[in-house]
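# Descriptive structure summary
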Amino acid sequence: MRRTFVLTALHNLIRKLVLRKDEHTLSETPGLLQVLSHRSFPFSRFEKIIEYHPRSWKYFLESLLHRSYLQYLDVAIHSNERLEFLGDAVLNFLVADFLHTQYPHLAEGNLTKYRSRLVNRRILAQRAKELNISEFLFLSPSASQSLDSGSDSILADSFEALIGALYLDGGMEAAKAFVERNLLQHIDMTALISADDNYKSALLEHAQSRSLGIPKYSLLKEEGPDHDRRFTIEVLVGTESYGVGTGRSKKDAEQAAAFMALEKIQFQSTNQN
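Computed from a predicted structure; not experimentally measured.

### Regarding the packing of aromatic side chains
- One pass over the full model with this rule turns up 15 aromatic pairs.
- Between Phe46 and Trp57, the ring centres sit 6.0 Å apart and the planes meet at 50 degrees, which makes this aromatic pair tilted. Note that Phe46 is positioned in helix α3 (residues 43-50) and Trp57 in helix α4 (residues 57-63), a separation of 11 residues in sequence. Judged on exposure class, the residue Phe46 and its partner Trp57 are both buried.
- Taken together, the ring pairs connect Phe41, Phe43, Phe46, Tyr52, Trp57, Phe60, Tyr69, Tyr72, Phe136 and Phe138 into an aromatic cluster.
- The ring of Phe259 carries the charged tip of Arg122 above its face, separated from the ring centre by 3.6 Å.
- Positioned above the aromatic ring of Tyr217, the side-chain terminus of Lys200 is 4.9 Å from the ring centre.

Quick look at the structure:
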C-alpha cells in the first residue's frame, strides 16, 4: 500500500514537472511518463546539446528509448525504431540535397557513393559520441554493455531517431540545421571523395604482407525485423580478434569490422614507434 502511494506521488510529481515543458502530448503518453519515473531527465542539458528547443518532448524522449528498455514498462509504447526509420529517410534526403547542390558536376553514380559514405553508421555513431547521446539513452544493462564494448549500432540508430524527432517537431528546417551542424560541417569532402573504402582489401593486403594468413569473418549476431536486419561480424587475423562491426548487410558489417581492425593495427603501430 505504501509503495503504491509513493509511486503514485512520484508519478504525479514528474507529471507536473514535465508538463510544464509539454502540456499536451506527454499527458497523452503514459508510457513516457513511466519512463521518466525511473530516473530524472536533464531537459536543459539535452536542449543545449542538440541546440534546439522542442515543442513536444514526446518525440525526443521516444528517440532515446531503445527497444531493450521496453521490458521494464507495463504500458505499451514505441521504442525509437520508428523514428529511426523516418530519420534515416530524412538524413538520406538532406545529404542527397547537399551533394546535388554543392557538386553539380558529379554523376549520379558518384553522388550515390558519396552519400553512402556520409551516412555510414560508423560516422553517425562517432557524431553521436561527440554529442554524448549515450548519456541520455534509456537502455537495458545488456544493451548498455554492448554500447560500452564499442558497438556502433545503438548510437547510429539514436542519431537517426533524433533526426526523425527533429523533423516531426520542427519540420525539415530543424532537421537540416542539425544535420548541417553535426554532420556536414565535420566532413572533409576532399578526403571523402578520394577515399578508398574497401577496408577488407586493405586488411587482406596487410595480413598477407606479414604472413598472418587470410582474415576470417564470423557472424556474431543477427537481429531486427526482416525489413531492417542488423548484422554484427567479428574479424580474426590469425587467432586474434581484430575488430567487430555492425551493418544492415553482412557486407557492410564486414567492411566495418575490417575498418576497426585497420584502426587497431594503426594504433599498435603508433605505440610501437
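### Quick notes on the packing of helix α5 (residues 81-102) against helix α6 (residues 108-118)
- In the contact formed by α5 and α6, the axes pass within 10 Å of each other and the chain directions differ by 130 degrees. Here α5 lies oblique to α6, going by the angle between them. The crossing of α5 and α6 is right-handed. Between α5, through Asn92, Val95, Ala96, Leu99 and His100, and α6, the contact on the second element is made entirely by Leu111, Tyr114, Arg115 and Leu118.
- Partitioning the contact of α5 with α6 into residue classes produces six nonpolar, two polar and one charged.

### Overview of the pairing of strand β2 (residues 230-237)
- Judged by how many residues are buried, β2 sits mostly within the fold: seven of eight residues are covered.
- Here strand β1 (residues 216-223) folds back onto β2, and the loop between the two strands holds six residues, one of which, Gly224, carries a positive phi near 95 degrees.
- With seven bridges joining them, β2 and strand β3 (residues 240-247) adopt antiparallel strand pairing. Its bridge partner being in β3, Phe231 is matched across the sheet by Gly247.
- Between the antiparallel neighbours β2 and β3 lie two residues, among them Gly238 with a positive phi of about 70 degrees.

### Digging into the packing of α5 against helix α9 (residues 153-182)
- The interhelical angle for the contact between α5 and α9, taken along N-to-C directions, is 55 degrees, at an axis separation of 7 Å. With respect to their mutual orientation, α5 and α9 come out oblique. Crossing hand, α5 versus α9: left-handed. Along its contact with α5, which presents Leu83, Glu84, Leu86, Gly87, Asp88, Val90, Leu91, Phe93 and Leu94, the element α9 presents Asp157, Glu160, Ala161, Ile163, Gly164, Ala165, Tyr167, Leu168, Met172, Ala175, Lys176 and Val179.

Conventions adopted
Residues numbered from 1 in each chain as written. Predicted model: local features only at pLDDT ≥ 70, side-chain atom pairs only at ≥ 80, totals over all residues. Heavy atoms only, no water. Phe/Tyr/Trp six-rings, centres within 6.5 Å; stacked < 30°, edge-to-face > 60°. Helix = DSSP H or I, 4+ residues; strand = E, 2+ residues; numbered from the N terminus. Buried < 20%, exposed > 50% of the residue type's maximum accessible area, 1.4 Å probe, protein only. Lys NZ or Arg CZ within 6 Å of the ring centre and 35° of its normal. Axes fitted to C-alpha atoms, helices over the stretch in contact; angles between N-to-C directions. Parallel < 35°, antiparallel > 145°, perpendicular 65-115°, else oblique. Left-handed = near helix turned anticlockwise from the far one by under 90°. Contact = heavy atoms within 4.5 Å. Nonpolar A, V, L, I, M, F, W, Y, C, P; charged D, E, K, R; others polar. Pairing = 2+ DSSP bridges.

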